[in-house]
Amino acid sequence: MQNIKEYVEANKQRFLDELFDLLRLPSVSADPKFKGDVEKTAEFVAQKLRDAGADQVEVCPTAGNPIVYGEKIIDPSLPTVLTYGHYDVQPADPYELWETPPFEPTVRDGKIYARGSADDKGQFYMHVKAFEYMMKNNALACNIKFMIEGEEEVGSKNLGTFVKENKDKLKADVIVISDTSMISMKQPSLETGLRGLSYVEVEVTGPNRDLHSGVYGGAVANPATILSKLIASLHDENNHIAIPGFYDDVIELTAEERKALNEAPFEIEEYKKDLGVEELWGEKGYTTIERTGIRPTLEVNGIWGGYIGEGAKTVLPSKAFAKISMRLVPNQNSQRITDLFKKHFEAIAPDYVKVEVKPHHGGEPVVTPTDSVAYKAAEKALNDTFGVKPIPTRGGGSIPIVALFEDVLGIKTVLLGFGLDSDNLHSPNEKYGIENYLMGISTIPLFHKYYAELSK
């Protein structure tokens, strides 16, 4: 492994150019108009796996977007690492808020600005280039398998079926995912928990058509107003979620566990400055680190209704809509939370409107072990690369397939992410540090080396 950094430096521009080519493909899974680009991206990933030295590379069809699979089995007696990632990306809307085009990667201040740069193209592609290094330098210490999917951003709709139908093909000893973040480039960390997700859309209907706001205003309930009131009632004065039974299954951390969690470096003033806010908001009695890692949340992701075009149009809208996501913590169940939300929202709706709750997708929360061989290997690899022992943290996001992998394949996951919370995931001007990308490529071969050694 002595020459890994030299290899990365010598191939730096090629590694960047290849990633830029990948980022130029608008593989938006949520919008059917990008279907062709999604399929082109799958073929691109498959070819890059072949070029790096993978065998049995396939673009596997599903009822939705294809899954790319590849492997390199060097010795069946050695441990096998299954690398998971996703090549699909979030929609880039609103385009006008991007400083540079979202699908034309641009480097500014050492950061790659493009949709998918951090989530997850830049992060999964590190594994492809690390694999290339290991193959060219006879340094592959484990068997390796790749499963790169194209529907993570829409709930991995068809991954469960693929996993269940391909248990033998996906047999491995550990799963590695780089789709998470670190505390900073000075203080690496390893996420040891992810929140689950319940995602719904609500529709509130009043009159049977849009009405003149002067002729009918004050006589007919306005769905936009009623929806706003319903949403506002979902939190109480302490910003506690006001849905009966919502917290019934939440496991409270001990005082010692909370103290350890809050020992992670966190500068609240820098946090506020980065976000451009004067004060923070959240559930009373919990720190920001706790609110974003160990507590469930309910957030409005989008709200609309009536006229939102240029100029004025005085209407009382017939309908109003909102998309709502709830992040869940260990022991909560996404289906139960969805059912609780639906029952509550329908119960609090006044008689002068009709409401409909449409479930979208969900996933279960997970906690990954910190005493496993895989965790220790990742810890050693990061310590070697950064010169600092990584801190275990709890992630605020969701990767629903982690629970799926454990349930169906019986395999634990290690979350070896190199992103930063400030990477603007799901937002305009998403970015990923060039240093993060290259450090990831340098670290991943070390993980494989230590995992093989510690597994003996």
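All residue numbers refer to positions counted from 1 along the written sequence of the respective chain. For this predicted model, a pLDDT threshold of at least 70 governs which residues receive local features, and a threshold of 80 or more governs which side-chain atom pairs are given and counted, while totals over whole chains, interfaces and linings are taken from all residues. Side-chain calculation: all heavy atoms of the structure are included, whereas hydrogens and water are not.

With that settled, the discussion passes to the side chain of histidine 235. To qualify as a helix, a DSSP run of H or I must reach at least 4 residues; to qualify as a strand, a run of E must reach at least 2; elements of each kind are numbered from the N terminus. As for its position among the elements, histidine 235 is in the loop between helix 6 (223-232) and helix 7 (255-261). Any N or O atom pair separated by 3.5 Å or less is treated as a polar contact, with the protein-specific requirement of one donor-capable and one acceptor-capable atom, and with residues adjacent in sequence counted only for side-chain atom pairs. Within the local environment of histidine 235, its side chain forms a polar contact with the backbone oxygen of leucine 298, the two atoms lying 3.5 Å apart. In what follows, residue pairs with any heavy atoms lying within 4.5 Å of each other are defined as contacts. What histidine 235 contacts, discounting residues up to four positions off in sequence, is His240, Ile241, Ala242, Trp281 and Leu298.

In this section: the environment of valine 357. Relative to the helices and strands, valine 357 resides in strand 16 (residues 354-363). Residue valine 357 is classed as buried on the basis of its relative accessible area, which comes to 5%. Spatially, the C-alpha atoms of valine 357 and glycine 110 are 44 Å apart, while their sequence positions differ by 247 residues. Among all residues touching valine 357, those that are not within four sequence positions of it are Val200, Glu201, Val202, Phe341, Lys342 and Phe345. Think of it in three bands: with a 1.4 Å probe and only protein chains considered, a residue is buried below 20% of the maximum accessible area for its type, exposed above 50%, and partly exposed in between.

Turning to the environment of tyrosine 432, a few remarks are in order. Along the chain, the position of tyrosine 432 falls in strand 21 (residues 431-433). Given a relative accessible area of 0%, tyrosine 432 falls into the buried group. Distance from tyrosine 432 to serine 422, taken between C-alpha atoms, is 9.2 Å for residues 10 residues apart in sequence. The contacts of tyrosine 432, once residues within four sequence positions are left out, are Lys111, Ile112, Ser117, Ala118, Gly122, Gln123, Met126, Phe418, Gly419, Asp423 and Tyr437.

Right, let's talk about the pairing of strand 15 (residues 319-328) for a bit. Among the 10 residues in strand 15, 7 count as buried, and that is most of the element. For two strands to be treated as a pair, DSSP must find at least two bridges joining them. The pairing of strand 13 (residues 297-305) with strand 15 spans 8 bridges and is antiparallel. Residue pairing in the sheet places tryptophan 304 in a bridge with phenylalanine 321 of strand 15.

In this section: the packing of aromatic side chains. Pairing of aromatic rings covers Phe, Tyr and the six-membered ring of Trp, with a centre-to-centre limit of 6.5 Å; geometry is then stacked below 30 degrees between planes, edge-to-face above 60, and tilted otherwise. Counting across every chain of the model gives 10 aromatic pairs. Where tryptophan 304 meets phenylalanine 321, the ring centres are 5.3 Å apart and the plane angle is 15°; that geometry is what we call stacked. Of this pair, tryptophan 304 sits in strand 13 while phenylalanine 321 sits in strand 15, placing them 17 residues apart in sequence. Taken together, the ring pairs connect Tyr7, Phe15 and Tyr133 into an aromatic cluster. A ring has a charge above it when a Lys NZ or an Arg CZ is no more than 6 Å from the ring centre and no more than 35 degrees off the ring normal. Directly above the aromatic system of tyrosine 113 lies the positively charged group of arginine 108, at a separation of 3.8 Å from the ring centroid. If you follow lysine 169 out to its NZ or CZ, it ends over the ring of tyrosine 69, 5.1 Å from the centre.

Patch definition: residues above 30% relative accessible area lacking any salt bridge, with like charges linked at up to 9 Å and the nonpolar side chains Val, Leu, Ile, Met, Phe, Trp and Tyr linked at up to 5 Å. Exposure was quantified through the Shrake-Rupley algorithm and a 1.4 Å probe, taking into account, for residues, occlusion by the shown protein chains and nothing else. We define a salt bridge as a side-chain nitrogen of Lys or Arg found within 4 Å of a carboxyl oxygen belonging to Asp or Glu. On the surface, a cluster of nonpolar side chains totalling about 240 Å² of accessible area is made up of Val215, Tyr216 and Val220. Looking at where valine 220 falls in the secondary structure, it is placed in the loop between strand 12 (211-212) and helix 6. Judged by relative accessible area, which is 30%, valine 220 ranks as partly exposed.

This paragraph deals with the sheet that holds strand 16. Pairing within the open sheet is antiparallel, and its 4 strands lie in the order 13-15-11-16. Of all the strands in the sheet, the pair left with one neighbour each is strand 13 and strand 16. Averaged over all pairs of adjacent strands, the angle between strand axes in this sheet comes to 15°, irrespective of strand direction. The convention used is that axes are lines fitted to C-alpha atoms, helices contributing only their stretch in contact, and that angles between N-to-C directions extend from 0 to 180 degrees. Against the sheet, helix 6 engages strand 11 (196-205), strand 13, strand 15 and strand 16, with an angle of about 20° to strand 15.

Before going further, it helps to spend a moment on the UniProt feature "domain: Peptidase M20 dimerisation" (unreviewed entry) in the protein. UniProt positions are given in the numbering used here, feature names are shortened, and annotations may be inferred rather than shown by experiment. If you check UniProt for "domain: Peptidase M20 dimerisation" (unreviewed entry), the listed places come out as residues 193-352 in our numbering. Counted over residues 193-352, helix gives 28% and strand 22%. Its end C-alpha atoms are 43 Å apart.

Looking now at the sheet that holds strand 21. Judged by pairing direction, the sheet is antiparallel, and its 3 strands sit side by side in the order 4-5-21 without closing on themselves. Here the strands that pair on one side only, and so sit at the sheet edges, are strand 4 (106-108) and strand 21. Here the average twist between neighbouring strands, direction ignored, is 30°. Sheet topology places strand 5 (residues 111-113) next to strand 21; 3 bridges connect them, and they run antiparallel. In the strand pairing of strand 21, lysine 111 is matched with glycine 433.

What follows deals with the nonpolar core. In terms of nonpolar packing, the biggest core is built from 65 residues, with Leu416, Tyr437 and Phe447 touching the most fellow members. Only helix 1 (4-10), helix 2 (12-23), helix 3 (35-52), helix 4 (121-136), strand 6 (143-149), strand 7 (174-177), helix 11 (373-386) and helix 13 (434-454) provide two or more residues apiece to this core. If you tally residues by element for this core, the top one is helix 13, at 11 residues. Residues within four places of leucine 416 in sequence aside, it is in contact with Val176, Ile177, Ser178, Thr180, Leu190, Ala378, Leu382, Ile444 and Phe447. Definition used in this section: a nonpolar core is a set of buried Ala, Val, Leu, Ile, Met, Phe, Trp, Tyr and Cys residues joined via side-chain atoms within 4.5 Å. Counting residues in hydrophobic clusters, the runner-up holds 27 residues, among them Val202, Leu230, Val250 and Phe345.

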